[in-house]
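The residues making up each chain are set out below.
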Amino acid sequence: MPLERVSQGFKDISMSFQVNPLTFDLIATKNETAIARSLRNLVFTLPGERFFNQNLGSKVSRSIFENIDDISASILSNEIRNTIKNYEPRVDVIAVDVSPNYDDGEFNVTIRYKIIGVDALPQQLSFALQSTR
Amino acid sequence: MALVNFSNLDFDQIKTSIKEYLRSNSNFTDYDFEGSNLSVIIDVLAYNTYISSYNANMVSNEVFIDSATLRENVVSLARNIGYVPRSRTAARANISFFVDTTALSTNPISLTLKKGVVCTTSGSFGNQSYRFNIPNDITAPVVNGIAFFDNVDVYEGVFLTSNFTVDSNNPNQRFTLNNPYTDTSLINVSVRNTSSSTVSRKYIQSKNLFDITSDSKVFFIQEIEDQRYELIFGDGIFGTKLENGNYIEVSYVSTSGVDGNGVSSFIFNGRIVDNNSRVVSTGISLITVNIASQGGQEIESVNSIKKYAPQIYSAQNRAVTASDYEAIVPLIYPEAESVSVFGGEDVVPPKYGKVFISIKPYNGPYVPDSVKDNLKAQLKKYSVAGIVTEFLDLKYIYVETDLTVYYNTNSAPSADYVKSIISSNITTYADSSELNQFGARFKYSKFLKIIDDSHVSITSNITKVIMRRDLSPLLNQFADYEICYGNAFHIKTCDGYNIKSSGFKVSGLLDTVYLGDMPNSDQKTGTIFLFKLDSPTQATIVKNNIGTIDYEKGEIKLYPINIISTLKTFQGNSIIEISTAPKSNDVIGLQDLYLQLDINNSTINMLPDVISSGADPSGSTYLVTSSYSNGTLVRS
């Protein structure tokens, strides 16, 4: 019988750098929240943005200036899925839904994933990709 | 765990150190995941550390003369030990011309050639026009209506002047020459009390503090940024201190250096005035060039500064040991490409009290006699009393290579293509400083590697090494000769004919003869004989025992012999080429021998490697090349 991998939990620092008023420690993000933040960071990081790691990140910024249609949505979906697969080993992606929102000129992204080694329900992360400059 | 490893210069290693620290000292866990916020912060910290480490490393490198790379820093460090790097040197030509004043209405007593431009290159010289100047006025008397300007040294470059007024209220005043590429030996400085004063005093450039008093009219120079120069005047203790309002006039030449060499045709472009300051522009003859321009040199390189600054410092302006001479000679004769010095005690038989110097100049094979005399006089200032300096003309020892290169025909476009790459690589090696210096060594294994690495198709090579010296005989007179190779000879066959020579004729014999050798039974020494060729493979000995050969010392001695002509000449001089295989394939340039790889007499044979290419995997038709063949009887 294969061993089941159980994580002891994930703990990351919050980029808000706010201080807990009771303990005066920096606020930390944990487990599902930390992983969701990590996924978001990966999607919004441009390749070449991180020092000495040219490939880290996703190339979604290249596609969001294309025509808003199903083809672009499909390209974005693949790009997001590949990025997560390559750089976030803690999750197992169930689906990446990218739907064009013609009225607002944006793509609505919903990532559904399962956290490996944590006894939790499948997670969902949603955000919009807009061609803002 | 403490963060202890701060010597890393690699970003990833720094990052790993920080992660290791967090792993044992923090309850955060996400640093291992690239998408986490903590990972971003670690990246920033590691990058900051990396930049700091890099800067610290660069700074510490630039602090020491051995590791500094920026010229400004190397020069500054050399300055601390009293070394001023050599400037760019202007090419110098020697010209003569005359001015016929008989057509002038006035009869001048003398004519003065004013400093500055005298002549320019006639036509274009390498698509460039060069100006040649004199640093000081030259006056010639008019005799029978003609003024001769004989043997005038002119210097290539742009003649420039700079003036400064001393401001004692400004403690930071600097006297810098704004143009780069200055030849510092041509800087002329004169100082007037004020700008309106008519009397000026000439200041002399000094390189040390010897014999300098508080009244000495001297200035010093130092190289500053961008290869420019700064003038430094005395402080009232060493050299006269300048007063407020003194007016400094500086003239100098900004030169093209080595590009100005080789000009042998000029047209007059100078300015001549008579004794009444009237300009003379007629009656000027064509310019006769006595010596074409030569001696132009680039500024001393960073590598050279690193090499010579510590040597000059250790020599302390005294030429005592051989290395002292080797450091000082390039200082007073910048055209020296390589210098070899050895004491008389090292020669056979010993000549005590003498120092022998051989110099390879950048331009040409030999140092002119006039320069040797000048060098001797200059070296006296440095050398120990009683030591006699002697200059030896350069003796070249040539290394010739006979290459057989096997190549895989499947990987090479053509044999000629591969051959041209090999030839180019060998030429680069032949021109490198590894060979072109005294005490150089032809490194056989390195040479083989150069050939093997020339192209991917090359599978192996068989390289035979031959060393050669050229004998310049005294024609039509009896003379004995001694040719030293400084490397032991290899006896390929005890039947003789190990040495090969080019042909020559001797008095009393009709045929063209060649030198041959016959080893004695000890195989350490042997005798030299003359032979003639009946056919390329058939020789007849015409005279035995005309000299001796020492295979161990690498020395050939010929008893008195009257050579009347030779088959080969070099630059108009008759020569006899004498070559042989060295005992060791690593050939050294011993003492005053200057080693050169002779590309023109080296051969490259390309042979297909039928085994590697798959044409004949069994190797039945593989062409075998001997590594030891003795070759032909004579040099062609």
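Nothing here was measured: the structure is a model prediction, and the numbers come from that model. (Residues numbered from 1 in each chain as written. Chains lettered and ligands numbered in written order. Predicted model: local features only at pLDDT ≥ 70, side-chain atom pairs only at ≥ 80, totals over all residues. Heavy atoms only, no water.)

Trainee: I would appreciate a short explanation of the interface of chain A and chain B in the present structure.
Mentor: One frequent convention defines the size of an interface as the accessible area lost when the parts assemble. Chain A puts 23 residues into the contact, and the matching count from chain B is 18 residues. Regarding the contact of chain A and chain B, the summed buried area is about 1,900 Å², with carbon and sulfur atoms giving 60% of it. Residue A:Arg50 pairs with B:Asp43 through a salt bridge whose shortest N-O separation is 2.6 Å. At the boundary of chain A with chain B, the tally comes to 11 residue pairs in polar contact (both at pLDDT 80 or more). Every element with two or more residues in the side of chain A that touches chain B is listed here: strand S1 (11-13) and helix H1 (31-44) of chain A. (Contact = heavy atoms within 4.5 Å. Buried area = accessible area lost by both parts, 1.4 Å probe. Salt bridge = Lys/Arg side-chain N within 4 Å of Asp/Glu carboxyl O. Polar contact = N/O pair within 3.5 Å; in protein donor to acceptor, adjacent residues only side chain to side chain. Helix = DSSP H or I, 4+ residues; strand = E, 2+ residues; numbered from the N terminus.)

Trainee: Any chance you could explain unusual backbone geometry here in plain terms?
Mentor: Excluding glycine, residues mostly carry a negative phi; peptide bonds, for their part, are mostly trans. Even without being glycine, A:Phe24 reaches a positive phi, approximately 65 degrees. Overall, the relative accessible area of 64% leaves A:Phe24 in the exposed class. Here the phi dihedral of B:Gln523 falls at roughly 55 degrees; this positive angle occurs in a residue that is not glycine. Looking at where B:Gln523 falls in the secondary structure, it is placed in the loop between strand S27 (514-519) and strand S28 (525-535). On the basis of relative accessible area, B:Gln523 is assigned to the partly exposed category, the value being 37%. (Buried < 20%, exposed > 50% of the residue type's maximum accessible area, 1.4 Å probe, protein only.)

Trainee: Just checking my understanding: could you explain the side chain of B:Asp30 for this structure?
Mentor: For B:Asp30, the location among the structural elements is in the loop between helix H1 (11-25) and helix H2 (37-63). Its relative accessible area of 0% is what places B:Asp30 among the buried residues. A polar contact is formed between the side chain of B:Asp30 and the side chain of A:Arg90, at a distance of 3.0 Å. When sequence neighbours within four positions are dropped, the list of residues in contact with B:Asp30 reads A:Phe10, A:Lys11, A:Asp12, A:Ala34, A:Arg90 and B:Ser36.

Trainee: Honestly, the packing of aromatic side chains in this entry has me stumped. Any pointers?
Mentor: Think of a pair of aromatic rings as described by two things: how far the centres are apart, and how the planes are tilted against each other in angle. All names here are of chain B. If you walk through the whole model with that rule in mind, you get 28 aromatic pairs over all chains. With a centroid separation of 4.9 Å and 80 degrees between ring planes, the pair formed by Phe132 and Phe266 is classed as edge-to-face. Placement of the pair is Phe132 in strand S4 (residues 131-134) and Phe266 in strand S14 (residues 266-268), with a sequence separation of 134 residues. A relative accessible area of 0% means that Phe132 is categorised as buried. A residue is classified by how much of its surface remains accessible, and Phe266, at 6% relative accessible area, is buried. A ring pair is formed by Tyr406 and Tyr622, whose centres lie 5.0 Å apart and whose planes are at 15 degrees; its orientation type is stacked. (Phe/Tyr/Trp six-rings, centres within 6.5 Å; stacked < 30°, edge-to-face > 60°.)

Trainee: Before we go on, may I ask you to explain the sheet that holds strand S4 (residues 106-115) of chain A in this structure?
Mentor: In any sheet, the strands associate via hydrogen bonds between backbone groups, in a parallel or an antiparallel arrangement. All names here are of chain A. What the 3 strands build is an open sheet, ordered S3-S4-S5; its pairing is antiparallel. Taken across any chain shown, the strands that pair with only one partner, and hence form the sheet edges, are strand S3 (91-101) and strand S5 (123-130). Strand-to-strand twist across the sheet, computed as the mean angle between neighbouring axes with direction ignored, equals 20 degrees. Inspection of the sheet shows S4 paired to S5 by 8 bridges, in the antiparallel sense. Within the sheet, the bridge partner assigned to Tyr113 lies in S5 and is Gln123. H1 contacts S3, S4 and S5 of the sheet and is inclined by roughly 30 degrees relative to S5. The strands touched by helix H3 (residues 70-87) are S3, S4 and S5; relative to S3, the strand with the most contacts, the crossing angle is about 155 degrees. (Pairing = 2+ DSSP bridges. Axes fitted to C-alpha atoms, helices over the stretch in contact; angles between N-to-C directions.)

Trainee: Honestly, the environment of B:Leu597 in this entry has me stumped. Any pointers?
Mentor: All names here are of chain B. Structurally, Leu597 can be placed in strand S34 (residues 593-597). On the accessibility criterion, Leu597 (8% relative accessible area) is buried. With 198 residues separating them along the chain, Leu597 and Val399 place their C-alpha atoms 4.8 Å apart. The contacts of Leu597, once residues within four sequence positions are left out, are Val399, Thr401, Ile426, Tyr429, Ala430, Leu435, Phe442 and Phe447.

Trainee: How should the nonpolar core be read in this particular structure?
Mentor: A general tendency of soluble globular proteins is for nonpolar side chains to be buried together. Ranked by size, the top nonpolar core spans 49 residues in total, and within it B:Ile422, B:Phe442, B:Phe504, B:Leu515, B:Ile556, B:Ile578 and B:Leu597 carry the most contacts. Not counting chain neighbours up to four residues away, the residues in contact with B:Ile556 comprise B:Tyr481, B:Glu482, B:Ile483, B:Tyr485, B:Phe489, B:Ile499, B:Ile528, B:Thr548, B:Ile549 and B:Ile578. (Core = buried A, V, L, I, M, F, W, Y, C linked by side-chain atoms within 4.5 Å.)

Trainee: Which parts of the structure should I look at to understand the sheet that holds strand S9 (residues 188-192) of chain B?
Mentor: All names here are of chain B. Spatial ordering of the open sheet is given by S7-S13-S9-S10-S11-S12-S8, a layout of 7 strands whose pairing is mixed. Only two strands of the sheet have a single partner each, and these edge strands are strand S7 (158-165) and strand S8 (175-177). Strand-to-strand twist of the sheet, defined as the mean angle between neighbouring strand axes without regard to direction, takes the value 30 degrees. Relative to strand S13 (residues 247-254), S9 is paired through 5 bridges, and the arrangement is antiparallel. When the bridges of S13 are listed, Ser190 appears paired with Glu249.

By themselves, these are just geometric observations and shouldn't be taken as functional.
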